[in-house]
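Structure at a glance
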Amino acid sequence: MTQSQVLPSHAVTLDDVVTTVIMARVTDYFGFFVYAIASVLVFPSLFFPTLSPVSATLLSFLIFSLAFIARPIASLAGRRIQQSIGRAGKITLALMILGTSTVAIGLLPGYDALGWTAPVLLAVLRFAQGLGLGGAWDGITLQLKSAAPAERDGLYSMIPQLGAPIGFCVAASMFYVFTGFLTETEFLTYGWRFAFFAVMAVNVVSLFARIRLLTTDFGTDDTPLESAPLSKLFEQHGRTILLSTFLPLASYALLHMVTVFPLSYVMLFGNQDITHILLLELIGGTICIGTVILSGYLTDKYSRRRVLWASTALIPVLCLTIYSLQTTPGVYIILGFAILGLAYGQSSSIVPKRFSPEFRYSGSAMSTNLTWIIGAAFAPLTALGMTALFGLWAAAIYLLSGVAASMIALYLLQQQENAK
């Protein structure tokens, strides 16, 4: 029995799809950045108070990466679960796991109360968050892409990418208020926990919108939103998965290098007030929303490939400003967010339609999970570790490695198309 035979179908419009996609992605990234910011401002001192600040932050970032490792595991398990309870049932279960683990983190006592049991529990709960995130892959961005007018493909493709800057701004604004109006003791004792409770609340709202959309067959092509056999996926689309993994690498690394990394650098090596850095990042995040939208208009006018080439080429320019974090961090932060919007706005939409329809759902999920692992999971840990050992120039080299990977993938994609 198929999911469509079990669940009723509802009529939805393109506006419904757009609204649901934005709500779902903002919710995802809000929770993502709540944890990321807490990994810098809270967890090092709360869970690793016996270690040096640098070592404590590196361990905090190591735990941060566990969610990305869990994502592909959840995706593989979700294939079986989806066959049993349907896609809507799988999403509901995944978001329940995500929400429960998130609230549990918000309630978790620190090292002073539990000793080393506290960071171990944090690691377990972070891994559970990754299971929830990986299992919550819903394919609704594919529904949006298939339903969007062909002449506005760039504009509609950037809509899911708005989730990152909007979600970051919501998360950063909460921590901006907490750090600005609470004492350090109040913030570390209870203030930060409210952000994790808020994540659970918005997940519940998002779930109902997702389920309504998932019970429809809305779309303009024949893309099935069901898992395909892995052996056939890799046999027929192995090269496409590889290109899809490495093409957005620079933008995924940049996402962490302008959000989490400046906070950790200033906390450990700078002398600026952390509330001021959060304010600069809020300004940058707002600009990023604008440049994500701009990427859509530029794509429709010039082509997605040109936008990706140009935006990726701008990242080395940003690397030249990385030393401004020592004195005038706004230069690096605001320029970085502006470039991020252009690079991230179209980075994940150039390849999906190169999967044949029956493999598009599974292929997109697989390549997305691999990109998060390679390009984002260890970005804060690697960049901060290299900075602590060698200086800021090493973090810039790390970011440039992502640029090289993305440019090679773009070149190979172009050669593949020219050969056809």
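Throughout what follows, the structure given in this document is the object of discussion. (Residues numbered from 1 in each chain as written. Predicted model: local features only at pLDDT ≥ 70, side-chain atom pairs only at ≥ 80, totals over all residues. Heavy atoms only, no water.)

**A look at the overall build of the chain**
Put simply, the test is: Numbering goes from the N terminus for both helices and strands, where a helix is a DSSP run of H or I of at least four residues and a strand is a run of E of at least two. In this treatment the radius of gyration is a C-alpha quantity, and the globule benchmark scales as 2.2 Å times the residue count to the 0.38 power. Under the scheme applied here, a residue whose accessible area is under 20% of the maximum for its type counts as buried, over 50% as exposed, and between as partly exposed, the area being computed with a 1.4 Å probe on protein chains only. Residue contacts are defined here by distance: any two heavy atoms, one from each residue, within 4.5 Å place the two residues in contact. To measure how exposed things are, a 1.4 Å probe is used in the Shrake-Rupley method; for residues, cover is taken only from the protein chains shown. Charge assignment in this entry is limited to Lys and Arg as positive and Asp and Glu as negative, and neither His nor the chain termini are counted. Taken as the charge location is NZ of Lys, CZ of Arg, CG of Asp or CD of Glu.
The helix and strand inventory of the chain stands at 20 helices and zero strands. The C-alpha radius of gyration of the chain comes to 21 Å, within 12% of the 22 Å expected for a compact globule of 420 residues. Dimensions along the principal axes, computed over C-alpha positions, put the chain at roughly 55 × 45 × 35 Å. With 420 residues in all, the chain has 59% of them scored as buried. Considering only contacts in the chain between residues 6 or more positions apart, those separated by 24 or more positions represent 86%. Carbon and sulfur atoms provide 67% of the accessible area of the chain, an area that totals close to 16,500 Å². Where the 22 positive side-chain charges of the chain centre and where its 19 negative ones centre are 8 Å apart.

**Remarks on the pattern of salt bridges**
Heads up, the rule is: A carboxyl oxygen of Asp or Glu within 4 Å of a side-chain nitrogen of Lys or Arg is what we treat as a salt bridge.
Throughout the structure, instances matching the rule amount to two salt bridges. The closest approach of N and O atoms between Arg25 and Asp28, which form a salt bridge, is 3.1 Å. Residue Arg25 and its partner Asp28 are located together in helix α2 (residues 14-41), separated by three residues, close to a single helical turn. The class of Asp28 is buried, set by a relative accessible area of 18%. In this structure, Asp300 engages Arg152 in a salt bridge whose closest nitrogen and oxygen atoms are separated by 3.9 Å.

**Notes on the packing of helix α5 (residues 66-107) against helix α18 (residues 357-377)**
Here is the rule we go by: For every element, the axis is a line fit to its C-alpha atoms; helices are fit only across the contacting stretch, and the angle between N-to-C directions ranges from 0 to 180 degrees. Should an angle fall under 35 degrees it is called roughly parallel, over 145 degrees roughly antiparallel, and 65 to 115 degrees roughly perpendicular, with every other angle called oblique. By the definition used in this description, the sense in which the near helix is turned from the far one sets the handedness, with an anticlockwise turn below a right angle giving left-handed and a clockwise turn giving right-handed.
The geometry of α5 relative to α18 is characterised by a closest axis approach of 9 Å and an angle of 155° between their N-to-C directions. In terms of their interaxial angle, α5 and α18 are classed as roughly antiparallel. Crossing geometry of α5 relative to α18 is assigned as right-handed. For the pair α5 and α18, contact is made by Phe68, Ile69, Arg71, Pro72, Ser75, Arg79, Gln82, Arg87 and Lys90 and by Tyr361, Ser362, Thr368, Asn369, Trp372, Ile373, Ala376 and Ala377, respectively.

**A closer look at unusual backbone geometry**
With the exception of glycine, most residues fall at negative phi, and the peptide bonds are largely trans. Notably, Ser303 is not glycine yet its phi reads approximately 120°, a positive angle. Residue placement: Ser303 occurs in the loop between α15 (274-302) and α16 (304-319). Ser303 sits in the partly exposed class, given a relative accessible area of 28%.

**Structural notes on the side chain of Thr299**
Within the fold, Thr299 resides in helix α15. The class for Thr299 is buried, based on a relative accessible area of 8%. If we skip the residues at most four places from it in the chain, Thr299 touches Gly154, Arg304, Val307 and Gln346.

**Topic: the nonpolar core**
Formally: Note on terminology: a nonpolar core comprises buried Ala, Val, Leu, Ile, Met, Phe, Trp, Tyr and Cys residues joined through side-chain atoms within 4.5 Å.
Counting 94 residues, the largest nonpolar core has Leu41, Val42, Phe43, Phe175, Trp192, Phe261 and Trp372 as its most contacted members. Residue contributions to this core peak at 15 residues, all from α2. Sequence-distant contacts of Trp372, defined by excluding residues within four places in its chain, comprise Tyr29, Phe32, Phe68, Arg71, Tyr252, Leu255, Tyr344 and Ala377. Core analysis: the second largest hydrophobic core is formed by seven residues, Ile91, Leu95, Leu98 and Leu207 among them.

**Section: helix α13 (residues 230-246)**
This is how the line gets drawn: Any helix carries an expected span of 1.5 Å times its number of residues minus one. Note that bend, as reported per residue, equals the angle between axes fitted to the 7 residues terminating at that residue and the 7 residues originating from it.
Taking 1.5 Å per residue, 17 residues should reach 24 Å; α13 reaches only 20 Å between its end C-alpha atoms and comes up short. At His237, α13 is deflected by roughly 80°, the largest bend along its length. Restricting attention to buried positions, one finds in α13 the residues Leu233, His237, Thr240, Ile241, Leu243, Ser244 and Thr245. At its buried positions, α13 is contacted by α14 (249-269), α18 and α20 (392-418).

**With respect to the environment of Leu413**
Mapping Leu413 onto the fold places it in helix α20. With relative accessibility at 1%, the residue Leu413 sits in the buried group. Sequence separation of Leu413 and Ser244 is 169 residues, and the distance between their C-alpha atoms is 9.5 Å.

**Examining the environment of Cys319**
Mapped onto the secondary structure, Cys319 falls in helix α16. Here Cys319 falls in the buried class, since its relative accessible area comes to 9%. Along the backbone, Cys319 and Ala250 are 69 residues apart, and their C-alpha atoms lie at a distance of 12 Å. Those residues in contact with Cys319, other than ones at most four positions away along the chain, are Ala396, Leu399 and Leu400.

**A few points about a nonpolar patch on the surface**
The cut-off we apply is this: For patches, a residue must show more than 30% relative accessible area and have no salt bridge; joins then use 9 Å for like charges and 5 Å for nonpolar side chains, namely Val, Leu, Ile, Met, Phe, Trp and Tyr.
Residues Leu51, Leu59, Leu62, Ile69, Ile73, Trp116 and Phe378 make up a contiguous nonpolar surface patch of roughly 560 Å² in combined accessible area. Only α4 (53-64) and α5 provide two or more residues apiece to the nonpolar patch. Classification of Leu59 as partly exposed rests on a relative accessible area of 31%.

**Brief notes about the state of the cysteines**
Inclusion rule: Cysteine sulfur pairs qualify as disulfides if the two atoms are within 2.5 Å.
Per the counting criterion, the structure on display carries zero disulfides. With no disulfide of its own, Cys169 lies 7.9 Å from the sulfur of Cys288, the closest cysteine sulfur. The class for Cys288 is buried, based on a relative accessible area of 2%.

**Things to note about the side chain of Gln272**
Where we set the bar: Counted as a polar contact is a pair of N or O atoms within 3.5 Å, where, for protein atoms, one must be capable of donating a hydrogen and the other of accepting one, and residues adjacent in sequence contribute only when both atoms are in side chains.
Positionally, Gln272 belongs in the loop between α14 and α15. Among the polar contacts listed, one links the side chain of Gln272 to the backbone oxygen of Gln326, at a separation of 3.2 Å.

**Section: the packing of aromatic side chains**
Applicable threshold: A pair of Phe, Tyr and Trp rings is counted when the ring centres sit within 6.5 Å of each other, with Trp represented by its six-membered ring. The angle between the planes then sorts it: under 30 degrees is stacked, over 60 is edge-to-face, the rest tilted.
Scanning the model with the defined rule gives 30 aromatic pairs in all. When the ring of Phe33 is compared with that of Phe168, the centres are 5.0 Å apart and the planes differ by 80°; the resulting orientation is edge-to-face. One end of the pair, Phe33, is in helix α2; the other, Phe168, is in helix α10 (residues 163-181), with 135 residues separating them in the sequence. Considered together, Phe33 and Phe168 belong to a single accessibility category, that of buried residues. Considering the side-chain rings of Tyr35 and Phe64, the 6.1 Å spacing of their centres and the 20° angle between planes classify their relative orientation as stacked. With Tyr35 in helix α2 and Phe64 in helix α4, this pair connects stretches of sequence that are 29 residues apart.

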